[in-house]
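Architecture and fold: a report
Okay, here's what each chain looks like letter by letter:
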Amino acid sequence: LGSMAAGVLANLASHPIDTAKTVVQADVSGRKYRGTLQAMVELYRKNGLGGFYLGGIARTVRTCGAFFIVSTIREKCLQHKACQQDLTDANSSKRLLTFVSASRLPGGERWPPRP
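Residues numbered from 1 in each chain as written. Predicted model: local features only at pLDDT ≥ 70, side-chain atom pairs only at ≥ 80, totals over all residues. Heavy atoms only, no water.

Brief notes about the overall build of the protein chain
Summing up its helical and strand segments, the protein chain has 3 helices and 0 strands in all. Secondary structure of the protein chain in N-to-C order comes out as α-α-α. Residue burial in the protein chain is summarised as follows: out of 115 residues, 15% are buried. Considering only residue pairs separated by 6 or more positions, the protein chain has 39% of its internal contacts joining residues 24 or more positions apart. (Helix = DSSP H or I, 4+ residues; strand = E, 2+ residues; numbered from the N terminus. Buried < 20%, exposed > 50% of the residue type's maximum accessible area, 1.4 Å probe, protein only. Contact = heavy atoms within 4.5 Å.)

Observations regarding the nonpolar core
Membership of the largest hydrophobic core is limited to 5 residues, which are Ala 20, Tyr 33, Ala 39, Leu 43 and Phe 52. Residues contacting Phe 52, with those up to four places away along its chain left out, are His 15, Pro 16, Thr 19, Met 40, Leu 43 and Tyr 44. (Core = buried A, V, L, I, M, F, W, Y, C linked by side-chain atoms within 4.5 Å.)

Overview of helix α1 (residues 2-26)
Relative to the 36 Å expected for 25 residues at 1.5 Å per residue, α1 spans 34 Å between its end C-alpha atoms, a close match to the ideal helical length. Within α1, burial applies to Asn 11, His 15, Pro 16, Thr 19 and Ala 20. (Expected span 1.5 Å × (residues − 1).)

Here's the deal with the packing of aromatic side chains
The final tally for this structure, using the stated rule, is 1 aromatic pair. Centre to centre, the rings of Tyr 44 and Phe 52 are 6.3 Å apart; their planes meet at 20 degrees, and the pair counts as stacked. (Phe/Tyr/Trp six-rings, centres within 6.5 Å; stacked < 30°, edge-to-face > 60°.)

Looking at the confidence of the model for the protein chain
The predicted model of the protein chain averages 80 in pLDDT, with 76% of residues at 70 or higher. Mean pLDDT across the elements of the protein chain bottoms out in helix α3 (residues 56-102) (77) and peaks in helix α2 (residues 36-47) (92). (pLDDT = per-residue confidence, 0-100.)

Some points on the pattern of salt bridges
Oppositely charged side chains can pair when the atoms bearing their charge come close. Per the counting criterion, the structure on display carries 3 salt bridges. Across the pair Lys 21 and Asp 18 runs a salt bridge whose closest N-O atoms are separated by 3.5 Å. Of this pair, Lys 21 and Asp 18 both sit in helix α1, 3 residues apart, which is roughly one turn of that helix. As a salt-bridge pair, Arg 45 and Glu 42 come within 3.4 Å of each other at their nearest N and O atoms. Linking Arg 45 with Glu 42, this pair stays in helix α2, spanning 3 residues, or about one helical turn. Three or more residues joined by partner-sharing salt bridges are found here, namely Asp 18, Lys 21 and Arg 59. (Salt bridge = Lys/Arg side-chain N within 4 Å of Asp/Glu carboxyl O.)

A short note on the side chain of Arg 59
Mapped onto the fold, Arg 59 is located in helix α3. The contact partners of Arg 59, leaving out residues within four places of it in the chain, are Asn 11, Ser 14, His 15 and Asp 18.

Quick word on α2
The end-to-end C-alpha distance of α2 is 16 Å, a good match for the 16 Å that 12 residues give at a rise of 1.5 Å each. Within α2, the full set of buried residues consists of Gln 38, Ala 39 and Leu 43. The arc that holds the buried residues of α2, viewed along the axis, is 135 degrees, so those residues lie on one side. Along α2, the residues that are exposed and aim more than 90 degrees away from the buried face are Leu 37 and Arg 45. (Arc of directions from axis to C-beta.)

Right under this line is the structure:
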């Protein structure tokens, strides 16, 4: 939850520059904007401070959705890895127990001694 909140804050902080970059990229011919700085000036003049946050909600929702998906996949991978490790550990323990129970001491006695 904390990392998702950090992602929302990062989106809010970076969105004005991202918006300016997007309008520059959308101006394929380069007639309207010469660069990002000019795009930022034009966005502010035309729409005020809110112009920098056009599309901000959609971007934030997309980021939160991506975070949720990646987080869920990561959790499932960790669970799978833990299960695989448990199986490996169980097989190793079983092999060790088999080895130890079949072992004999130098005098021919079985180890571990049986009552």
